[in-house]
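Here is what each chain is made of, one letter per residue.
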Amino acid sequence: QVQLVESGGGWVQPGGSLTLSCAASGVPVEDFGVGFFRQAPGKEREEISCISQLSGRPYYRESVKDRFTIRRRFIHDGENPKTTVTLEMTNVKSDDTGVYYCASGERCAANGGIEAINSWGQGTQITVSS
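Description of the structure in this document. Note that this is a predicted model, so its numbers are computed, not measured.

**Regarding the pattern of salt bridges**
Part 1: In the structure shown here, the tally under the stated rule is eight salt bridges.
Part 2: Its salt-bridge partner being Arg 61, residue Glu 46 comes within 3.1 Å of it at the nearest N-O pair. Residue Glu 46 is found in strand β5 (residues 46-52), and its partner Arg 61 is found in the loop between β6 (58-60) and β7 (68-75); the two are separated by 15 residues along the sequence.
Part 3: Judged by its relative accessible area of 23%, Glu 46 falls in the partly exposed class.
Part 4: Arg 61 gets classed as partly exposed once you look at its relative accessible area, which sits at 29%.
Part 5: A salt bridge links Asp 96 to Arg 67, with the nearest nitrogen and oxygen atoms 2.8 Å apart. Taken together, the residues span a long stretch of sequence, with Asp 96 in the loop between β8 (82-89) and β9 (98-109) and Arg 67 in the loop between β6 and β7 at a distance of 29 residues.
Part 6: Classification of Asp 96 as buried rests on a relative accessible area of 2%.

**A look at the environment of Asp 66**
Part 1: Its place among the elements puts Asp 66 in the loop between β6 and β7.
Part 2: With 25 residues separating them along the chain, Asp 66 and Asn 91 place their C-alpha atoms 9.5 Å apart.

How each quantity is defined
- Residues numbered from 1 in each chain as written.
- Predicted model: local features only at pLDDT ≥ 70, side-chain atom pairs only at ≥ 80, totals over all residues.
- Heavy atoms only, no water.
- Salt bridge = Lys/Arg side-chain N within 4 Å of Asp/Glu carboxyl O.
- Helix = DSSP H or I, 4+ residues; strand = E, 2+ residues; numbered from the N terminus.
- Buried < 20%, exposed > 50% of the residue type's maximum accessible area, 1.4 Å probe, protein only.

Here it is, written out as structure tokens:
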């Protein structure tokens, strides 16, 4: 079973930068998708970005394109393959405030995000304010 552990949340001023990390263990060695969702206060959870474990192909929500960059590092050196995914957030806005969740699924579709989600992280708060 895939386990996801997030880190890197906190407070940041508008226009600033912040990087989130998601450490995924127990991942399959075939293609796999890992990404981030955001839930703002009083709103539904929405997908921000995801990345394909093997190809590195990303997906971005329109509102974060050109501001956020997702990367992955896949390590397959034994019985416990791992993937670390980072989301570099730049020029952040107040609308970026929310709880960010890491999620994994069978694949990351370039035009639609993670498919067949099978695991969630615990969530981390990001607050953008002056």
